[in-house]
Amino acid sequence: MLTEPITRRGVIALGGIASLSALLSGCSTAPAGSGDAASSGGAQMVLWTWPEGFSAKVLDSVAKVFPDVSLRQDVIGGEFKQKLTTTFQAGTGLPSITGVKGEDIAFFVSQPDFFTDLNTLGAQDRKGEFLDWKWSQATAADGRQLGIPIDIGPTALFYRFDVFERLGLPHEPEALAAAIRTWDEYFSLGTEMLAKESGTFLIRSLETVFQTAVKQSGQNFVDSSGKFIGAEDHIRSAWDTAVKARTLGISAAAKADTPDTQAAVASGKLPADIGASWHLSDLMVDAPDTSGKWHVCAHPGDATNNGGSFLTIPKGTADAAKAFEVIMHILNADNQIIEYEDKGNFPANSAAFTSEALHKPTEFLGGQVGGEVFAAAAATVRPLYEHKFDNTVSGPFSAELELIETGQKDPEQAWNDAVEQAKRLAEQNGLTL
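Counting starts from 1 at the beginning of each chain's written sequence and moves along it residue by residue. In keeping with the predicted nature of the model, local features appear solely for residues at pLDDT of at least 70, side-chain atom pairs appear and are counted solely at 80 or more, and the whole-chain, interface and lining totals rest on all residues. Processing note: side-chain calculations cover all non-hydrogen atoms of the structure and skip hydrogens and water entirely.

Visitor: How should I be thinking about the environment of Glu-325 in this particular structure?
Guide: Within the secondary structure layout, Glu-325 lies in helix α15 (residues 320-330). On a C-alpha basis, the gap between Glu-325 and Asp-273 in space is 39 Å, while along the polypeptide they are 52 residues apart. Labels follow the DSSP assignment, with helices taken as runs of H or I lasting at least four residues and strands as runs of E lasting at least two, numbered in each case from the N terminus.

In structure tokens, the structure reads:
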């Protein structure tokens, strides 16, 4: 399900002709189902998800384990957060269980009264089964547990090892990872790449560097007291790191999900990109002819997390205890592995990390065992407090970086303008400065 709309164009854009596991292994696999699957049986429960949903195999297992429950998965199109918020506010028509996207959990954690406190159903006793930093994202300020993690999005560097080898650069995963432990080392490699082959870039955009560096700092734009901290040293340091890539001329200034970027990826002119585990399926769609030419390794600094969602129980669900049992079954290690094989959603259940499935060679990655890289990355992710207005106040920084990247603005003026705009937004939204 749910890591960011998988491939965000991804496997869905393949028209349902194959699951991600088929692409990874090169074997044909039957479609996972329409998303309308329901287990047959007694009391009906409704599960809200967004396009992709849970696989038919996982839903069928619910019917076998809970013959007294009929679970219907309703796929909600459009703006999922808005639909869910409107339904909560109306107080009617709520599902028994609902997904909450990773990018929306900070907002919903600020509205804990919408949800059942899962600790009252035994969640605290199950906490040890999941990664601590992911679990805490769905914990309210007063300790109420609002959601159980579905998946995570640990980050790494995807790269075309054939291009790196042709240019005489480190191309084996261990060697490349060792050569780029810092951003300066990575930038040096990008400068060397560009010198050897004009128009070949190691960095997709300044935004990629900036967002990664911010998360690596362990702080965001708003702290837990509701204070705007976007003008402080950790953000400025991330900004300066990103701007350095522009100064060196090693950024492709490419926007995600555009034909030009897809062409650059396919041609080898953009032979590397930092991305979450689910980015693999993006590459499969953008550059299918490059299958077998990619590897993955640790990117500069610690890994971060991008994406990963939750299952929650709205307050008022008739049989919340049974709904919790269903959630814990859906999100057990075996079923998270099924979703990993089906869609590439990396497990949040730590018991799944020992699964054989995470240690299988990945055809698209040239036979490398990509799951091991992402499992190792997940272990280095730093906890990061997320406020519901982080995305709001970070917007000006992204916009100003784009102006720098296109040569329309001086970096120092852009920084000053970004801070000024962000402070204004912070005040408008009730944050302190």
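The structure having been displayed, the exposition proceeds.
Visitor: It is not clear to me how the pairing of strand β3 (residues 97-100) should be interpreted in this structure. Could you clarify?
Guide: Strand residues, when the strand is regular, have side chains that alternate between the two faces of the sheet. Residues Ile-97 and Gly-99 line one face of β3 and the alternating positions Thr-98 and Val-100 line the opposite face, and both faces are buried. What makes two strands pair is DSSP finding at least two bridges between them. Here 2 bridges tie strand β1 (residues 43-49) to β3, and the two strands are oriented parallel to one another. Residue pairing for β3: Trp-48 is matched across the bridge by Thr-98. As defined by bridge partners, β3 adjoins strand β9 (residues 310-312) across 3 bridges and the pair is classed as antiparallel. Within the sheet, the bridge partner assigned to Gly-99 lies in β9 and is Leu-311. Each residue gets one of three labels from its accessible area relative to the maximum for its type: buried under 20%, exposed over 50%, partly exposed in between, using a 1.4 Å probe on protein chains only.

Visitor: Sorry if this is basic, but what is going on with the sheet that holds β9 here?
Guide: Across a sheet, paired strands are connected by hydrogen bonds in the backbone, their directions being either parallel or antiparallel. An order of β2-β1-β3-β9-β4 is seen for the 5 strands of this open sheet, with the pairing classed as mixed. Only two strands of the sheet have a single partner each, and these edge strands are β2 (69-75) and β4 (147-149). This sheet shows a mean twist of 25 degrees between the axes of neighbouring strands, independent of strand direction. As paired strands, β1 and β2 are joined by 7 bridges and run parallel to one another. Among the inter-strand pairings, Gln-44 is bridged to a residue of β2, identified as Ser-70. Residue contacts are counted whenever heavy atoms from the two residues lie within 4.5 Å of one another. Axis definition: a line fitted to C-alpha atoms, over the contacting stretch in the case of helices. Angles run 0 to 180 degrees between N-to-C directions. Packed onto the sheet, α15 meets β1, β2, β3, β4 and β9 and runs at close to 50 degrees relative to β1.

Visitor: Even after reading the chapter, I still don't get the packing of aromatic side chains, so can you show me in this structure?
Guide: Each aromatic ring pair is specified by the distance between its two centres and by the angle formed by the two planes. Within 6.5 Å between ring centres, the rings of Phe, Tyr and Trp (the latter by its six-membered ring) count as paired, and their orientation is classed by plane angle as stacked under 30 degrees, edge-to-face over 60, tilted in between. One pass over the structure, following the stated rule, counts 21 aromatic pairs. Geometrically, the ring pair formed by Phe-107 and Phe-108 is edge-to-face, given 5.0 Å between the ring centres and 75 degrees between the ring planes. For Phe-108, a relative accessible area of 1% translates into the label buried. We count a charge as sitting over a ring when the NZ of a lysine or the CZ of an arginine lies within 6 Å of the ring centre and within 35 degrees of the ring normal. Positioned above the aromatic ring of Phe-107 is the side chain of Lys-81, whose terminal nitrogen or guanidinium carbon lies 4.3 Å from the ring centre.

Visitor: I tried to follow the side chain of Glu-339 on my own but got confused; where do I start?
Guide: Position of Glu-339 among the secondary structure elements: in helix α16 (residues 333-343). Looking at Glu-339, its side chain comes within polar contact range of the side chain of Lys-343, at 2.7 Å. Whenever two N or O atoms come within 3.5 Å, that pair is a polar contact, provided that in protein one can donate a hydrogen and the other can accept it, and provided that, for residues adjacent in sequence, both atoms are side-chain atoms.

Visitor: What is the right way to read the pattern of salt bridges from this model?
Guide: Where charged atoms from two side chains of opposite charge come close, those side chains can pair. The working definition used for a salt bridge is a side-chain nitrogen of Lys or Arg within 4 Å of a carboxyl oxygen of Asp or Glu. Taken as a whole, this structure holds 21 salt bridges when the rule is applied. Residue Glu-197 pairs with Lys-269 through a salt bridge whose shortest N-O separation is 4.0 Å. Of the two residues, Glu-197 is situated in the loop between α10 (183-196) and α11 (206-216) and Lys-269 in the loop between α13 (259-267) and β7 (272-276); the sequence distance between them amounts to 72 residues. Using a relative accessible area of 18% as the deciding quantity, one classes Glu-197 as buried. Notably, a salt bridge pairs Glu-341 with Lys-360, separated by 3.5 Å at the nearest N-O pair. Of this pair, Glu-341 sits in helix α16 while Lys-360 sits in the loop between β10 (346-347) and α17 (370-378); the two residues are 19 residues apart in sequence, bridging distant segments of the chain.

Visitor: Is there a simple way to think about the environment of Lys-215 in this case?
Guide: Position of Lys-215 relative to the elements: it lies in helix α11. Considering only alpha carbons, one finds Lys-215 and Arg-382, 167 residues apart in sequence, at a separation of 7.9 Å.

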